[in-house]
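Take a look at the letters that make up each chain.
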Amino acid sequence: MKTPFLVLLGNAILWAIVAQLDHYLATWDVSIFVGGLCVAFAALRLSPRDGYRALLLTGLWFDAAAPVPFGLHALLFLFAHAVINCFRSRIARDDTLISLLVAAIANLGLIVALTGGLLHRNPALWELWPRLSVDSLISFCAVILIGPWYFAMQEHLLAFCGVALRREARNFH
Amino acid sequence: MLSKRFDQARPFLTLGIAFLAWLFVPTVIKHFLRASFFEFQAPIDVTGGTVRDVQDYWALRTHSTNELIEAGKNLSNLNSQYETQLREYASMQNRVNRLEDLLRLPSYPEFRTEAARVVRRDFTAWWQRLVIRKGANYHIPVGAPVIFVGGVVGRVAEVGAYTSVVELVSSPGVRIAATLEGDSRPMSFQGGINPAFGPAKGIVEFVPLEVVANRTLPKRLVTSGLGGIFPAGLNLGQIVKLDRSGDGLFQSGEVELDPRLLSITEVAVLVPVSPQ
């Protein structure tokens, strides 16, 4: 039961770091989104049930800091989790490179989905795409650079608190 | 075979049930959850802001004494100028009050200025927000206008126990009643164009046909005071492009916002003295 809260703690640390990065990047009017990393870790390294719970909490955490309908991030994270769960048995999910690839694809998917959900607010759609392309590219770089540290941090945090990841990942419901 | 297919569809089924259940969760519970998560995040934001302040402090400590003496002199010059302007402002305010009494005019809404440090800037393509280090502990109300040295920053969107979130004027969906400087005809300003590596822009609509503005001859757009949120005359930006709108009755165009909005560190919240 404690696993989702520990994963939330790790995700909150990631969120805090990215929030500080975004603060400095705001000077150039670019931003980073790394929700895909949280989804990839929960979907690939945890049992489906714990991954589900962890992502629900993480999504609500992201929702509280964004002017979106409360639950939008949570819904998108859980949907991405469900998609990754469909093929997780066919990939080497302990491999960091595979995890990074899944995280990058999930991240891009989440950016597109969020854009789709918030498109109606924007008065000039043609002006939105160049900005989104730059943000997606920077986010992709961030996922690749931060990813290995993030996966290691989450694994160490869980191991430190006595949660064995291999047992967690096998624990299908 | 059927069981395997069901196993594959089970996560989506669970998600669908969870989504339906979420729709029926009372708004009060959702509001409480959001506020709880928000208050958990507030110390993280404030700590980040405080660490940056400490960094600035130690960076300033590296300046030589001569540089500090020079800065002190400049500050005292500025202070004396501001004191003179304050006296002029007070006498003008008295004249305005006397004229209002004589002509029985309704008085302008009064505001208390609350200066606040920016602890986090969150400028994405989807929204543009700031977190400031003052909240309900300084009686900041939701909807209060926020300004800075370059004009309008935005309005307070959320208030926490000791932080508030400001929705920027460049945020998509923000609409403000505006007018040209020295003019009284109302127009509509909407934020939302935020190109990467450049200042934010907005859209102005309902501009009369005879108004001419372009990059070489920009026109200043200010708040009109209509709508009751922003006082009149606050700078919004410069109109740099105008085209005839679809109906042919008005023009619409592009407004360049102050580039200092992107690196803003200090704002002033205008708190209504007697809230409606």
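Per chain, the residues get numbers from 1 upward, laid out in the order the sequence is written. Note on labels: chains are lettered from A, ligands numbered from 1, in written order. Per-residue local features are limited, in this predicted model, to residues with pLDDT of at least 70; the limit for side-chain atom pairs, both in listing and counting, is 80 or more; totals at the level of whole chains, interfaces and linings are taken over all residues. Hydrogens and waters are ignored; side-chain quantities use all the structure's heavy atoms.

## Side note on the overall build of chain B
- Comment: elements are numbered from the N terminus, with helices defined as DSSP H or I runs of at least four residues and strands as E runs of at least two. What chain B contains, in helices and strands, is 3 helices and 12 strands.
- For chain B, the spread of C-alpha atoms along the three principal axes comes to 85 × 60 × 40 Å.
- When each of the 276 residues of chain B is scored for burial, the buried share is 39%.
- Taking as baseline every contact in chain B between residues at least 6 positions apart, the subset at least 24 positions apart corresponds to 58%.
- By element, 61% of the accessible surface of chain B is carried by carbon and sulfur atoms, the whole surface being about 16,100 Å². Here's how the labels work: a residue is buried when its accessible area is under 20% of the maximum for its type, exposed when over 50%, partly exposed in between, all with a 1.4 Å probe on protein chains only. Throughout, a contact is declared for two residues whenever any of their heavy atoms are within 4.5 Å. Accessibility throughout is a Shrake-Rupley quantity obtained with a 1.4 Å probe, and a residue counts as covered only by protein chains that appear here.

## Notes on the overall build of chain A
- Within chain A, the regular secondary structure consists of 7 helices and 0 strands.
- Along chain A, helices and strands appear, N-terminal first, in the series α-α-α-α-α-α-α.
- For the radius of gyration, the atom set is restricted to C-alpha positions; the globular benchmark scales as 2.2 Å times the number of residues to the power 0.38. For 173 residues, the compact-globule estimate of 2.2 N^0.38 gives 16 Å, and chain A sits close to it at 16 Å.
- The C-alpha extent of chain A, read off along each of the three principal axes, is 50 × 30 × 30 Å.

## Some remarks on the interface of chain B and chain A
- Contacts between chain B and chain A engage 49 residues on the former and 49 residues on the latter.
- Accessible area that two parts lose when put together, with a 1.4 Å probe and added across both, is what the buried area reports. Between chain B and chain A, the buried area comes to about 4,400 Å², and carbon and sulfur atoms account for 65% of it.
- Ranking the residues of chain B by area buried against chain A places R34, F37 and W126 of chain B at the top, with a combined share of 17%.
- Between Lys or Arg on one side and Asp or Glu on the other, a salt bridge is scored when a side-chain nitrogen of the former is within 4 Å of a carboxyl oxygen of the latter. In this assembly, chain B and chain A are joined by 0 salt bridges.
- The term polar contact refers here to a pair of N or O atoms within 3.5 Å; inside protein, the definition further demands a hydrogen-donor-capable atom paired with an acceptor-capable atom, and it admits residues adjacent in sequence only when both atoms are side-chain atoms. Along the contact surface separating chain B from chain A lie 14 residue pairs in polar contact (both at pLDDT 80 or more).
- Elements that contribute at least two residues to the side of chain B that touches chain A include exactly α1 (2-23), α2 (27-61), β1 (111-123), β2 (128-132) and β7 (187-193) of chain B.

## Section: a nonpolar patch on the surface
Residues and elements named next belong to chain A.
- Note on patches: the residues involved have over 30% relative accessible area and no salt bridge, like charges join within 9 Å, and the nonpolar side chains Val, Leu, Ile, Met, Phe, Trp and Tyr join within 5 Å. A contiguous nonpolar surface patch, about 410 Å² in accessible area, is contributed by L9, I13, I17, L21 and W149.
- With 4 residues, the top contributor of residues to the nonpolar patch is helix α1 (residues 2-25).
- Considering the arrangement of structural elements, one finds W149 in helix α6 (residues 125-160).
- Take W149: its relative accessible area is 38%, and that puts it in the partly exposed class.

## Here's the deal with the pairing of strand β5 (residues 164-168) of chain B
All names here are of chain B.
- Buried residues dominate β5, accounting for 4 of its 5 residues.
- Here the rule is simple: two strands pair whenever DSSP picks up at least two bridges between them. Judged from the 4 bridges that link them, β2 and β5 form a sheet pairing that is antiparallel. Pairing of V131 across the sheet is with V165, part of β5.
- In terms of strand pairing, strand β4 (residues 151-159) meets β5 through 5 bridges, oriented antiparallel. Along β5, the bridge assignment pairs G154 with L168.
- Hairpin connection between β4 and β5: a loop of 4 residues separates the two successive antiparallel strands.

## Details of the packing of helix α2 (residues 35-45) of chain A against α6 of chain A
All names here are of chain A.
- Axes here refer to lines fitted to C-alpha atoms; in helices the fit is confined to the stretch in contact. Angles between the N-to-C directions go from 0 to 180 degrees. Between α2 and α6, the least distance of the axes is 10 Å, while the angle of their chain directions is 45 degrees. In this view, α2 runs oblique relative to α6, as classed from their interaxial angle. Between α2 and α6 lies a crossing of right-handed hand. When α2 is examined against α6, the residues L37, C38, A40, F41 and R45 are found in contact with a partner set consisting of V143, I146, G147, Y150, F151, Q154, E155 and L158.
- Here the contact of α2 with α6 is composed, by residue class, of 9 nonpolar, 2 polar and 2 charged. The cut-offs work like this: below 35 degrees is roughly parallel, past 145 is roughly antiparallel, 65 to 115 is roughly perpendicular, and the gaps in between are oblique. Working rule for handedness: look at the near helix, and if it is turned counterclockwise from the far one by less than a right angle, call the crossing left-handed; if clockwise, right-handed. Polar here means any residue outside two lists: the nonpolar Ala, Val, Leu, Ile, Met, Phe, Trp, Tyr, Cys and Pro, and the charged Asp, Glu, Lys and Arg; Gly therefore counts as polar.

## Description of the packing of aromatic side chains
- What counts as a ring pair is set by centres within 6.5 Å for rings of Phe, Tyr and Trp (its six-membered ring), and what kind of pair is set by the plane angle: stacked under 30 degrees, edge-to-face over 60, tilted for all other angles. Considering all chains together, one arrives at 13 aromatic pairs over all chains under this definition.
- Centroid distance F70 of chain A to W22 of chain B: 5.9 Å. Interplanar angle 50 degrees. Geometry classified as tilted. Placement of F70 of chain A in the loop between α3 (48-64) and α4 (72-87) and of W22 of chain B in helix α1 is noted, with the two residues assigned to different chains.
- On the basis of an interplanar angle of 45 degrees and a centroid distance of 5.7 Å, the ring pair of W126 of chain B and W127 of chain B is categorised as tilted. Neither W126 of chain B nor W127 of chain B differs from the other in exposure class; each is buried.
- Members of the aromatic cluster, joined through ring pairs, are F33, F62 and F77 of chain A together with W126 and W127 of chain B.
- Sitting over the face of the ring of Y138 of chain B, K134 of chain B holds its NZ or CZ atom 4.5 Å from the ring centroid. Here, a charge over a ring is recorded when the distance from Lys NZ or Arg CZ to the ring centre is within 6 Å and its angle to the ring normal is within 35 degrees.

## Observations regarding α2 of chain A
- Burial within α2 of chain A is extensive, with 11 of its 11 residues counted as buried.
- Considered for burial, the residues of α2 of chain A that qualify are G35, G36, L37, C38, V39, A40, F41, A42, A43, L44 and R45 of chain A.

## Here's the deal with α2 of chain B
Residue and element names in this part refer to chain B.
- Expected helix span is taken as 1.5 Å per residue step, with the number of steps being one fewer than the number of residues. With 35 residues, α2 extends 50 Å from end C-alpha to end C-alpha; this agrees with the ideal 51 Å at 1.5 Å per step.
- The quantity called bend is, for any residue, the angle between two axes fitted respectively to the seven residues ending at it and the seven beginning at it. Remark: the principal bend of α2, roughly 25 degrees, maps to Q41, with a proline, P43, within the next four residues.
- Listed as buried for α2 are K30, R34, F37, F38, Q41, A42, D45, V46, G48, G49 and R52.

## Things to note about the pairing of β4 of chain B
All names here are of chain B.
- Here strand β3 (residues 145-148) runs beside β4; their pairing, made up of 4 bridges, is antiparallel. For F148, the partnering residue across the bridge sits in β4 and is G151.
- Connecting β3 to the next strand, β4, in antiparallel fashion are 2 residues.

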